[in-house]
Amino acid sequence: MKLRELESALGSVRVFERPKVALEQYPTGAHLAACMLHTMEASFGELEGAVVADLGCGTGVLSVGAALCGAAAVVGVDVD
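Participant: How would you explain the nonpolar core if you had to name every residue and give the values?
Facilitator: The biggest cluster of nonpolar side chains holds 13 residues, and the ones touching the most others in it are Leu6, Leu10 and Leu37. Of all elements in the fold, only helix H1 (3-10), helix H2 (30-44) and helix H3 (61-68) reach the threshold of two or more residues within this core. Here this core gets 4 residues from one element, more than from any other, and that element is H2. When residues no more than four places from it in sequence are discounted, the contact partners of Leu10 are Ala30, Ala33, Ala34, Leu37, Val61, Val64, Gly65 and Leu68.

Participant: Account for the packing of H1 against H3, naming residues and giving values.
Facilitator: For any two helices packed against each other, one specifies the inter-axial angle together with the distance between the axes. Where H1 contacts H3, the axes come no closer than 10 Å and their chain directions differ by 135°. Taken together, the axes of H1 and H3 are oblique relative to one another. Every pair of crossing elements has a handedness; the one defined by H1 and H3 is right-handed. In this structure, H1 contributes Leu6, Ala9 and Leu10 to the contact, and H3 contributes Val61, Val64, Gly65 and Leu68. Among the residues forming the contact of H1 with H3, the class breakdown is 6 nonpolar, 1 polar and no charged.

Conventions used here
- Residues numbered from 1 in each chain as written.
- Predicted model: local features only at pLDDT ≥ 70, side-chain atom pairs only at ≥ 80, totals over all residues.
- Heavy atoms only, no water.
- Core = buried A, V, L, I, M, F, W, Y, C linked by side-chain atoms within 4.5 Å.
- Buried < 20%, exposed > 50% of the residue type's maximum accessible area, 1.4 Å probe, protein only.
- Helix = DSSP H or I, 4+ residues; strand = E, 2+ residues; numbered from the N terminus.
- Contact = heavy atoms within 4.5 Å.
- Axes fitted to C-alpha atoms, helices over the stretch in contact; angles between N-to-C directions.
- Parallel < 35°, antiparallel > 145°, perpendicular 65-115°, else oblique.
- Left-handed = near helix turned anticlockwise from the far one by under 90°.
- Nonpolar A, V, L, I, M, F, W, Y, C, P; charged D, E, K, R; others polar.

Right under this line is the structure:
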C-alpha cells in the first residue's frame, strides 16, 4: 500500500477524546503512523504475512496500519 493511501485509511481511526496523562495516552496521528509503518517495511522487510504485537497500542492506529499492510496476525495490548 502506498504511503498516501495508508495515511488516508488511518485518518479514520478515532483518537482519544479525553487522554489520560497518567497513562501517557498521546495520540499517534495518521501521517506519523503511516511513515513509521513505511519505514519499518523499508528497513526490516515486508509486513505482509508477519505477526505483529503492538504493545501499548493506545487507539490501535499502528495495529490497524499493520493489518492494512498485510500482516497475517495483529495483537494490540494496553493497560486500559
